[in-house]
Amino acid sequence: MASSLPQGEQALDQSVKPKQPSKIAEFFSNLSRSWTGMLGFSIIILLVLLSIFGPWITPYDPEHAEFGKKLLPPMTDGHLLGTDQLGRDIFSRIIMGARVSVIIGVATVCIAGLIGTIVGIIAGYFRGWIDIVLMRIVDVQLSFPFILLVLVINAIIGTGLRNIIISLAIGGWVIFARVIRSEVLALREKEFITSCIATGVSRLEILVKHIVPNLFTPMIILASLQIGTYIIAEASISFLGFGVQPPTPAWGNMLNEGKDYIFSSWWLITFPGIAIVLTALGVNLFGDWLRDTLDPELKGE
Amino acid sequence: MSDAILEVKNLKIQFKSGKETVQPIRGVDFTLKKGETLGVVGESGSGKSVTSLAVMGLLPETSSEIVDGEINFNGKDLTKMKEKQFRKIRGNEISMIFQEPMTSLNPVFTIGQQLSEPLRQHRNMSKKEIEKEIIDVLNQVGIPRAEQIINEYPHQLSGGMRQRVMISLALLCQPELMIADEPTTALDVTIQAQILELMKDIKDKNDMSLLLITHDLGVVAEMCDRVVVMYAGEIVEVAEINELFDEPRHPYTRGLIDSMPTQNARKERLYSISGQVPKPNEITKGCVFANRCPLAFDKCFEEAPPVFEKGDHISKCWLQDSKEGEVV
């Protein structure tokens with residue numbers, strides 16, 4: 001504030017920044033300023049930890065049925081969240097269910113994101129007939145309800161973890177294709193791309209070295225928001241009896257099995273439900289925060 | 001064509017939009033001599049930028065086409081050149097400075113990364129040499145603490161600084177010809193003056209030729225040796241700078257000069273040329289400027305004027321016909 005430096009030097013002094021803080025430190029200092037982002041991030045970290053260390057945390061074997069102990073209410077007999085109709089520990093099953101959700105969410109986003117991004121880049125950069133063809137395919141697919149489409153594909157290729165990932169990815173790539181295409185369309189008309197051509201850079205090099213790096217931000221934002229969608233979709237499909245098959249615990253099929261006991265034993269359906277809601281909430285909160293932080297338009301503010 | 005570095009001959013460019021075609025450039029001729037600064041002036045829509053993009057080969061391939069004419073650069077016709085050969089010239093022998101410094105730099109790369117691009121394309125240099133060269137050029141364009149700037153991102157720089165970066169980008173390979181498309185339009189006046197001064201200096205130091213596209217006659221007076229006045233896709237007058245301001249031949253040029261604010265006379269209202277530049281598809285027969293020309297007579301609406309030459313001073317106006325003395 002009160003400085004002995006003359007005006008000019010002071011201005012210069014301010015602009016000479018100290019060594020920039022590392023990306024990770026910057027990330028956390030940004031995150032700590034938003035409690036919603038922090039909450040979302042915490043839920044995600046918790047979920048990831050649970051899915052990695054699940055087998056060591058669970059107090060009971062999640063697939064071990066013990067008929068003498070069936071339908072125990074929460075907090076009895078050492079069962080924190082009670083037991084289900086086959087006497088399996090619900091707490092353990094929820095922890096193991098996290099693994100299914102995380103695997104499906106992440107794997108689907110990777111596959112759908114990769115396919116959708118490639119299609120979007122091709123359509124947006126090369127335009128012409130290939131753009132028309134690809135985008136009409138996307139339009140056609142978008143006219144089907146997402147869950148219905150996934151169910152149909154699932155019914156054709158069969159159930160199971162791998163197949164549910166495949167069907168979710170087939171249902172989900174179109175969103176990525178649409179968003180990435182429009183980003184590429186906007187980017188290729190930017191003056192810095194013209195200026196690149198004017199410095200003698202080839203078209204392919206421009207695409208790979210100058211356009212693709214500009215796509216990382218929208219890709220990360222979209223991916224983080226889509227993970228939530230996929231986790232919910234998986235739960236819906238498992239609830240309907242497709243998808244992950246019992247006895248493998250997944251939140252969706254726990255809901256499905258528990259729905260018959262909804263009036264007598266509420267805990268069967270309540271806790272997996274809460275797990276799904278919290279996960280979707282966490283991922284979306286984090287995604288929202290990411291969008292606000294990474295959006296270059298808001299960056300300067 | 002010993003001393004001509006760029007020769008544009010009878011250039012005609014066509015744009016397609018849907019089924020319609022329009023011709024925004026209809027027969028443009030001019031030469032740029034070595035070491036010269038040639039100004040191209042005209043209103044918005046007169047085809048200045050399209051002409052400059054055509055020289056750089058930057059016209060959108062899908063919607064535009066050079067129908068006729070030649071663009072000779074050092075004796076080579078650029079319009080017939082293959083993309084691959086052209087790439088060796090772009091950024092190397094001809095470079096371009098764009099209008100908008102705010103959007104002309106890629107936001108995700110540091111200044112250093114972006115400036116190394118032309119050198120990596122056209123020169124065989126090691127990383128160290130590239131960095132040294134970049135810092136050299138940045139110093140040349142008057143950027144302080146260049147060693148730090150190269151690690152910064154475009155959004156950390158001001159408009160004037162970014163335009164300096166753009167100029168250094170254009171300078172890196174020491175081109176023979178630099179095209180500047182309204183390089184100072186987006187900057188505020190004090191920065192404008194600095195940037196113009198800088199470009200002038202650099203041009204003289206590096207013995208370059210400069211094609212300066214602008215709508216600002218003040219800038220032209222400051223910078224140029226000769227001026228090309230464009231109107232609605234045609235060249236209406238070409239003259240040496242002093243002659244253009246002292247003795248404009250074409251009524252359009254006169255209108256442009258009259259509509260400049262002057263310091264000594266406080267006019268009630270600034271003079272303006274009424275009407276607008278006709279859209280390329282509205283042009284019919286006769287002189288393109290006839291409908292806005294205060295001096296137009298019957299012949300102007302009937303027949304397009306040919307080129308009247310008087311020494312180096314070229315103009316396209318019927319008033320130049322036969323009785324030259326009458327026109328002032």
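So, how was this worked out
Residues numbered from 1 in each chain as written. Chains lettered and ligands numbered in written order. Predicted model: local features only at pLDDT ≥ 70, side-chain atom pairs only at ≥ 80, totals over all residues. Heavy atoms only, no water. Helix = DSSP H or I, 4+ residues; strand = E, 2+ residues; numbered from the N terminus. Rg over C-alpha atoms; globule rule 2.2 N^0.38 Å. Buried < 20%, exposed > 50% of the residue type's maximum accessible area, 1.4 Å probe, protein only. Areas by Shrake-Rupley, 256 points an atom, 1.4 Å probe, with all protein chains shown as cover. Expected span 1.5 Å × (residues − 1). Bend = angle between axes of the 7 residues up to and from the residue. Pairing = 2+ DSSP bridges. Axes fitted to C-alpha atoms, helices over the stretch in contact; angles between N-to-C directions. Contact = heavy atoms within 4.5 Å. Buried area = accessible area lost by both parts, 1.4 Å probe. Salt bridge = Lys/Arg side-chain N within 4 Å of Asp/Glu carboxyl O. pLDDT = per-residue confidence, 0-100. Parallel < 35°, antiparallel > 145°, perpendicular 65-115°, else oblique. Phe/Tyr/Trp six-rings, centres within 6.5 Å; stacked < 30°, edge-to-face > 60°. Lys NZ or Arg CZ within 6 Å of the ring centre and 35° of its normal.

### Section: the overall build of chain B
Here is step 1: Secondary structure summary: chain B contains 11 helices and 12 strands in total.
Here is step 2: Relative to its length of 328 residues, chain B is compact, with a C-alpha radius of gyration of 21 Å against a globular reference of 20 Å.
Here is step 3: The dimensions of chain B, computed from C-alpha atoms along their principal axes, are 65 × 50 × 40 Å.
Here is step 4: Split into buried and exposed, the 328 residues of chain B put 52% on the buried side.
Here is step 5: Accessible surface computed for chain B: about 15,800 Å², of which carbon and sulfur atoms make up 48%.

### A look at helix 7 (residues 161-188) of chain A
Here is step 1: The end-to-end C-alpha separation of helix 7 of chain A is 39 Å, in line with the 40 Å expected for 28 residues at 1.5 Å each.
Here is step 2: The largest bend in helix 7 of chain A amounts to roughly 35° and is located at Gly171 of chain A.

### Let's talk about the sheet that holds strand 6 (residues 94-97) of chain B
Residue and element names in this part refer to chain B.
Here is step 1: Strand order in the open sheet formed by 8 strands is 6-7-8-3-9-10-12-11, with mixed pairing between adjacent strands. Looking at the sheet topology across the chains shown, the edges are occupied by strand 6 and strand 11 (308-310). Averaged over all adjacent pairs, the angle separating strand axes in this sheet is 20°, with direction ignored.
Here is step 2: As defined by bridge partners, strand 9 (residues 226-231) adjoins strand 10 (residues 234-240) across 6 bridges and the pair is classed as antiparallel.

### A closer look at the environment of Val150 of chain A
Residues and elements named next belong to chain A.
Here is step 1: Relative to the elements of secondary structure, Val150 occurs in helix 6 (residues 146-157).
Here is step 2: By relative accessible area, Val150 is classed as buried at 0%.
Here is step 3: Distance in space between the C-alpha atoms of Val150 and Arg291 is 27 Å, their sequence separation being 141 residues.
Here is step 4: Other than its neighbours up to four places away in sequence, Val150 contacts Ser167, Leu168, Gly171 and Ile237.

### Brief notes about the interface of chain A and chain B
Here is step 1: Across the boundary between the two partners, chain A contributes 20 residues, which contact 29 residues of chain B.
Here is step 2: Counting the surface chain A buries against chain B, the share from its top three residues, Glu191, Ala198 and Thr199 of chain A, is 26%.
Here is step 3: One can count 1 salt bridge joining chain A with chain B.
Here is step 4: One salt bridge connects Lys209 of chain A with Glu117 of chain B, and the closest N-O pair in it is separated by 3.5 Å.
Here is step 5: Contributing elements (two or more residues each) for the side of chain A that touches chain B: helix 8 (191-198) and helix 9 (203-239) of chain A.

### Thoughts on the confidence of the model for chain A
Here is step 1: Summing up the model confidence of chain A, the mean pLDDT is 84 and the portion of residues at 70 or higher is 91%.
Here is step 2: By mean pLDDT, helix 1 (residues 7-15) of chain A is the weakest element of chain A at 42, and helix 5 (residues 128-142) of chain A is the strongest at 93.

### Focus: the packing of helix 3 (residues 111-122) of chain B against helix 4 (residues 127-140) of chain B
A pair of packed helices is characterised by two quantities: the angle between their axes and the separation of those axes.
All names here are of chain B.
Here is step 1: Taken N-terminus to C-terminus, the directions of helix 3 and helix 4 make an angle of 110°; their axes are 10 Å apart at the nearest point. Considering the angle they form, helix 3 stands roughly perpendicular to helix 4. Facing helix 3, whose interface residues are Gly112, Leu115, Ser116, Leu119 and Arg120, helix 4 presents Ile130, Glu133, Ile134 and Leu138.

### Here we look at helix 6 of chain A
Residues and elements named next belong to chain A.
Here is step 1: End to end, helix 6 covers 17 Å across 12 residues, agreeing with the expected 16 Å (1.5 Å per residue, within 8%).
Here is step 2: Residues of helix 6 that are buried: Leu149, Val150, Leu151, Ile153 and Asn154.
Here is step 3: Where helix 6 is buried, its residues contact helix 5, helix 7 and helix 9.

### Some details on the confidence of the model for chain B
Here is step 1: Per-residue confidence for chain B gives a mean pLDDT of 84, with 96% of residues at or over 70.
Here is step 2: When the criterion is pLDDT under 50, residues 324-328 of chain B qualifies, and its contacts beyond four places in sequence or with other chains add up to 6 contacts.

### So, the packing of aromatic side chains
Here is step 1: Per the counting criterion, the structure on display carries 15 aromatic pairs over all chains.
Here is step 2: With a centroid separation of 5.3 Å and an interplanar angle of 80°, the aromatic rings of Tyr125 of chain A and Phe126 of chain A are classed as edge-to-face.
Here is step 3: Tyr125 of chain A gets classed as buried once you look at its relative accessible area, which sits at 10%.
Here is step 4: Given the relative accessible area of 47%, Phe126 of chain A is considered partly exposed.
Here is step 5: With centroids separated by 6.1 Å and ring planes inclined at 65°, the aromatic side chains of Phe308 of chain B and Trp318 of chain B adopt a geometry described as edge-to-face. One end of the pair, Phe308 of chain B, is in strand 11; the other, Trp318 of chain B, is in the segment after strand 12 (313-315), and 10 residues separate them in sequence.
Here is step 6: Residue classification places Trp318 of chain B among the buried positions, given a relative accessible area of 9%.
Here is step 7: The ring centre of Phe86 of chain B lies 4.6 Å from the NZ or CZ of Arg90 of chain B, which sits over that ring.

### What to know about unusual backbone geometry
All names here are of chain B.
Here is step 1: At Asn74, a residue that is not glycine, the phi angle is positive and equals roughly 50°.
Here is step 2: Relative to the helices and strands, Asn74 resides in the loop between strand 4 (64-73) and strand 5 (76-77).
Here is step 3: Phi at Ala232 takes a positive value of approximately 50°, unusual for a residue other than glycine.
Here is step 4: Note that Ala232 resides in the loop between strand 9 and strand 10.
Here is step 5: Judged by its relative accessible area of 4%, Ala232 falls in the buried class.

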